[in-house]
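Coordinate inspection notes
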Amino acid sequence: MNAPAPAPLYDPSAIELAAQAYWAEHDAFRVTEDPAREKFYCLSMFPYPSGRLHMGHVRNYTIGDVMSRYQRMKGKNVMQPMGFDAFGLPAENAAIKSNVAPAAWTYDNMAYMRKQLDALGLGFDWSRSFATCDPAYYRWEQWLFVQLFKKGLVYRKNSVVNWDPVDHTVLANEQVIDGRGWRSGAIVEQREIPQWFLRITDYADELVDCLDHLPGWPDAVKAQQANWIGRSKGLEIDFALEDGSGALTVYTTRPDTLFGVTFVSVAAQHPLALAAAARDPKVAAFIDETRKTGTAEATLATQEKKGVPLGVSVIHPLTGEAVPVWAANFVLMGYGTGCVMAVPAHDERDWEFANAYGLPKKVVIAPAPNAVPDITDGAHTDYGVLVHSDRFDGLDFEAAFVAIKQALEAQHQGRERINYRLRDWGVSRQRYWGCPIPIIYCDACGDVPVPEANLPVVLPEDLKPDGAASPLTRTPSFYEVACPSCGKAARRETDTFDTFFESSWYFARFACPGNDTAMLDERARHWLPVDQYIGGIEHAVLHLLYARFFHKLMRDVGLPVAGDEPFTRLLCQGMVIAGTYYREAADGKKTWVNPADVEVLTDERGAPVSAVLKADGQPVVIGGREKMSKSKNNGVDPETMVSRYGADAVRLFMMFTAPPEQSLEWNDAGIEGAARFLKRLWTFTTALAEVPALNLAALDSTQKALRRKVHETLAKLDDDYGRRQTYNTAVAACMELLNALMKASDGADGQTAAVLREGAEALVLGLSPIVPHISHALWHHLGHAGAVLDAPWPKADPAALVSDTVSLVVQVNGKLRGQIDVAKDASQDAILAAALADPNVQKFLSGEIRKKIVVPGRLVNLVVAT
RNA sequence: GCGCCCGUGGCGGAAUCGGUAGACGCAGCGGACUUAAAAUCCGCCGCCUUCGGCAUCCCGGUUCGACUCCGGGCGGGCGCACCA
């Protein structure tokens, strides 16, 4: 090998700036539709512009960037866009706290975060970017809302909000702390006001059924969504009121237990309970009590079962018996019909309730025809066969469901019904910094949608929220309008959309930048669905369900979206966690200290024994590993890490330390290890000089083995990047290969040097999606003119993978006793002969060999009598 | 309570279809270089030990063979939370 020219030292910041400048200069990530190439749409959940990126963002976007760069090298036409989810409460809070306009605050934050994203080397097509607070964006969701209005998919009804009586404002749930307003400290009231709803329940069946056709989604997310939608099949059954004044309709999924009904329970807010309250002060008192506890949801589930008899009875539809009606605190007014038939023998809640009030229990389900279930300690809720149920005795659940349904239908007292836990989506928010709802209220014409020609309804950006009611409600120039229909004075809606509205369709708009005449165009059909979506598991239900819903809505109003589902493959990355450290004051108050300020002391094995604060050398308590957060003071700032170690090291550490969907523990020593590896890669690759051409015929067995390692690594990389999406094992394989190459590089010349060079190229190409900057520089070092991001993905040479001999393990009774090398096409007999000849194996072959198992390419297991 | 997921060295993790448990990295220990330190390089590194034995939360099962499959426990995490 020629004496290498003195190589420049690895200088991450210089290399990274140069690579980023190259990408910017060449507009390297801008894409357009290309019918000749397969498209790949890779999307990471866009951020709220809070001001600074946190490690969770870095992890999310690194994963997306790695996938994008890999697919690009595989020849796909990759679109990876990025934008900002720019409406929301923090901007209003900042406005109140620092007296800055929400718009200015938001745009400043976006500019800063854009710089941070670029410094990480993320390959976004910024020409497609937008902020959702731009009227050019939100006008189209107003337009969609108007279309849905016309189709009857939106409606207005009264709904409860958290009302702060001091600030005269509606509070979001997270602004209510222990039942009090976050700023005023006033006790929050529940108030009913009219709000807009989207009929997501019309799509409940499709939303749950389509889950079965999403093989690329994690099961956990699909399970959560199905759970959330909560579809159940049951019967509505009418119980006639004894006084002949009508009927009480209950919903049940267990009509097989109908003969076990001993009373009927209604919600405290049920009309029948309210009517009884007028006559009976005890009922009135009960209703009052439930209203007070009604707010604290967490206690609701565990609270004691309470109720009060209403003094009315209903007639059992099949037995004709009279059963009493009770009001009960555990019956939900908002689900089903607000009343349920009570079967204490076979329902836990009814069992508890009946026990508390001494109501009878009738067993009507048994595990077997002659068995008697034990209900002394609780209800028997399993399915079984019917007993004490007249002509239905002996039937199982399914048969009883059908038979009882038919019996009730015949007397017009029952019908099958599907129920959902899912409620319609309330989209009204009494907030300033959001998209205005495009409706005008006219005394003469009612609720009138803003005509399409008048869209967008622009949010005035010069208003300043002060924590009280939305400034829109105090801005006549905004809300005083003429009715679009009759021209008379009317009032504009001052509520804005839930911010989930914006994030429910942004994925589609990325395909259609610049279109100011339509929400979407044919380009959406080209790019959709998103091939790979990446984001946090915290969005498993709401965001992902709403986005699926919007995709179907856009489809049904005739917009050019492709397919029924927006996201083909979904990856939910794990949290970024870090150790926590604290000191506890005498009063039990904990002061959390940042991990960066702590020194951990270990025993001689390396196990941590104690920790001290660097500043004063005094001990701190070692807490658990938890999600990075302000409250636990265990956050690590990405920008600091990038300036200290370089973006490549940060990216490498994040991809190497854990598989993407698992939680990732940040530790400073770990990222130093990542930086060390990059330094080694740099030193090794830059030291390679001109080498002779690779001559496969001239390779000796050592050189062949080294070359096999190179190509085995390539084969593994493709599998890890593509099918498995386990970047941690891909990096490990590269580290292993670099170790092997460096071991072989001492005084290497001739064909060994040629193999080393081939290995270096494999490493640079194979690592380039993860560490794009150093790869960009090293690719040029290796003499290539083009950019590594445009190089084709390396393929393993099948010829390099074949070996003349294979190494087999020899077991005796399943225990490892020896190792043999045999020809790769050796016969079973030859393999066995070699195994039996091994001296160590022979030591364990005292008895008769009962069985000989040969697994080709793997092992030999000899079973002897013991 | 119901649903989902997970338990492997001091630590993060690997073992992809039931076939060498602990790859790769961190931490630690020993050494080289150095006046010294940092950086770098080399070696050791599950536990008990002499051959060897024991080890993937515990107990059982299937199998020639189980981290992997099945049953039952224990522990942890996440989601939903009286949805009839």
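Rules used in this analysis
- Residues numbered from 1 in each chain as written.
- Chains lettered and ligands numbered in written order.
- Predicted model: local features only at pLDDT ≥ 70, side-chain atom pairs only at ≥ 80, totals over all residues.
- Heavy atoms only, no water.
- Core = buried A, V, L, I, M, F, W, Y, C linked by side-chain atoms within 4.5 Å.
- Buried < 20%, exposed > 50% of the residue type's maximum accessible area, 1.4 Å probe, protein only.
- Contact = heavy atoms within 4.5 Å.
- Helix = DSSP H or I, 4+ residues; strand = E, 2+ residues; numbered from the N terminus.
- Near = heavy atom within 4 Å.
- Polar contact = N/O pair within 3.5 Å; in protein donor to acceptor, adjacent residues only side chain to side chain.
- Nonpolar A, V, L, I, M, F, W, Y, C, P; charged D, E, K, R; others polar.
- Pairing = 2+ DSSP bridges.
- Axes fitted to C-alpha atoms, helices over the stretch in contact; angles between N-to-C directions.
- 1 Å grid on protein atoms, 1.4 Å probe; cavity = no way out; pocket = protein on both sides within 12 Å on 5 of 7 lines; lining within 4 Å.
- Points joined across faces, edges and corners; volume = space filled by probe spheres on them.
- Phe/Tyr/Trp six-rings, centres within 6.5 Å; stacked < 30°, edge-to-face > 60°.
- Salt bridge = Lys/Arg side-chain N within 4 Å of Asp/Glu carboxyl O.

**A word on the nonpolar core**
Of all hydrophobic cores here, the largest spans 173 residues; its most connected members are Leu 198, Phe 507 and Met 554. Every residue in contact with Phe 507, bar those within four places of it in the chain, is listed here: Tyr 41, Leu 43, Leu 528, Val 530, Ala 547, His 551, Met 554, Pro 566 and Phe 567. Membership of the second largest hydrophobic core comes to 40 residues, among which are Ile 237, Leu 241, Leu 258 and Phe 392.

**Examining helix H3 (residues 89-98)**
Within H3, the full set of buried residues consists of Leu 89, Ala 91, Glu 92, Ala 94 and Ala 95. Each element contacted by the buried residues of H3 is listed here: helix H4 (102-119). At the C-terminal side of H3, Asn 99 shows a positive phi close to 55°.

**Brief notes about the protein's contact with RNA strand B**
What surrounds RNA strand B is a group of 62 residues, the closest being Thr 253, Arg 349, Glu 604, Arg 676 and Lys 716. Among the atoms of RNA strand B lying within 4 Å of the protein, the sugar-phosphate backbone contributes 65%. In the environment of RNA strand B, a sugar or linking oxygen lies 2.4 Å from a nitrogen or oxygen atom belonging to the backbone of Thr 253. In the model, a phosphate oxygen of RNA strand B is placed 3.3 Å from a nitrogen or oxygen of the Asn 739 side chain. The element best represented in the surface near RNA strand B is helix H21 (residues 727-744), accounting for six residues. Of the residues belonging to the surface near RNA strand B, the class tally is 22 nonpolar, 19 polar and 21 charged.

**As for the sheet that holds strand E35 (residues 859-864)**
Read across the open sheet, the four strands follow the order E33-E32-E35-E34; overall the sheet is mixed. Either end of the sheet is taken by a strand with one partner, and the two such strands are strand E33 (815-823) and strand E34 (849-855). On average, each strand axis in the sheet is tilted by 20° relative to the strand beside it, whichever way the strands run. Of the pairings in the sheet, the one linking E34 to E35 comprises six bridges and is antiparallel in character. When the sheet's bridge partners are listed, Lys 852 is paired in E35 with Leu 862.

**Side note on unusual backbone geometry**
Among all residues except glycine, the phi angle is most often negative; among peptide bonds, the trans geometry is most common. Put simply, Leu 455 and Pro 456 share a cis peptide bond, and its omega is 0°. Here Pro 456 lies in the loop between strand E20 (446-449) and helix H13 (476-479). The amide bond that connects Leu 528 to the next residue, Pro 529, takes the cis arrangement and shows omega of -5°. Its place among the elements puts Pro 529 in the loop between helix H15 (522-527) and strand E24 (530-536). You will see that His 412, though not glycine, has its phi angle at about 55°, which is positive. Within the secondary structure layout, His 412 lies in the loop between helix H12 (397-410) and strand E16 (414-419).

**A short note on the environment of Leu 258**
Note that Leu 258 resides in the loop between strand E9 (247-252) and strand E10 (263-266). Each C-alpha atom of the pair Leu 258 and Ile 404 lies 8.5 Å from the other, and the pair is 146 residues apart in sequence. Those residues in contact with Leu 258, other than ones at most four positions away along the chain, are Ile 237, Phe 239, His 316, Leu 318, Met 341, Ile 404 and Leu 408.

**A short note on empty space enclosed by the protein**
Any space left empty among the atoms is revealed by the rolling of a water-sized probe across them. Following the criterion strictly, the structure yields two cavities of 30 Å³ or more and no others. Here the largest cavity defines a volume of roughly 140 Å³. Along the wall of the largest cavity there are 21 residues; nearest its centre are Glu 92, Thr 169, Arg 431, Gly 467 and Ala 468. Of all the secondary-structure elements, those providing two or more residues to the lining of the largest cavity are H3 and strand E4 (169-171). The element contributing the most residues to the lining of the largest cavity is H3, with four residues. Residue composition of the lining of the largest cavity, by class: ten nonpolar, six polar and five charged. Looking at the second largest cavity, its volume works out to about 40 Å³. Contributing to the lining of the second largest cavity are Trp 23, Arg 69, Met 73, Ser 768, Pro 769, Pro 772, Val 788 and Leu 789. A breakdown of the residues in the lining of the second largest cavity according to their chemical character gives six nonpolar, one polar and one charged.

**Some words on the pairing of strand E11 (residues 307-315)**
In this sheet, E11 lies alongside strand E8 (residues 232-241) in antiparallel orientation, the contact comprising two bridges. Of the residues in E11, the one forming a bridge with Leu 241 is Val 314. Pairing geometry for E11 and strand E12 (residues 322-328), over six bridges, is antiparallel. Within E12, the residue paired with Val 314 across the bridge is Val 323. Hairpin connection of E11 to E12: six residues between the antiparallel strands, including Gly 320 at a positive phi of 75°.

**Some words on the packing of aromatic side chains**
The relation between two aromatic rings is expressed through the spacing of the ring centres and the mutual angle of the planes. Per the counting criterion, the structure on display carries 42 aromatic pairs. For the ring pair Tyr 10 and Trp 682, a centre distance of 5.7 Å and an interplane angle of 40° mean the geometry is tilted. With a gap of 672 residues between them, Tyr 10 in the segment before helix H1 (12-25) and Trp 682 in helix H19 (residues 668-686) connect regions that are remote in the sequence. One exposure class covers both Tyr 10 and Trp 682, and it is buried.

**Structural notes on the layout of surface pockets**
Reported here for the second largest pocket is a volume of approximately 640 Å³. If you trace the second largest pocket, you find 26 residues lining it, with Tyr 581, Pro 595, Trp 666, Asn 667 and Asp 668 closest to the centre. Secondary-structure elements contributing two or more residues to the lining of the second largest pocket are strand E26 (576-584), strand E28 (598-602), strand E30 (619-627), helix H17 (638-645) and H19. Classifying every residue of the lining of the second largest pocket by side-chain character gives twelve nonpolar, eight polar and six charged.

**A look at the pattern of salt bridges**
Applying the stated criterion to the full structure yields 48 salt bridges. One salt bridge connects Arg 37 with Asp 34, and the closest N-O pair in it is separated by 3.0 Å. Residue Asp 34 is classed as partly exposed on the basis of its relative accessible area, which comes to 22%. With its nearest N and O atoms 2.9 Å apart, the salt bridge here joins Arg 548 to Glu 565. Of the two residues, Arg 548 sits in helix H16 (residues 542-556) while Glu 565 sits in the loop between H16 and strand E25 (567-573), which places them 17 residues apart along the sequence. Glu 565 shares its class with Arg 548; the two are buried. One network of salt bridges, in which partners are shared, links Glu 206, Arg 548, Lys 552, Arg 555, Asp 556, Asp 564 and Glu 565.

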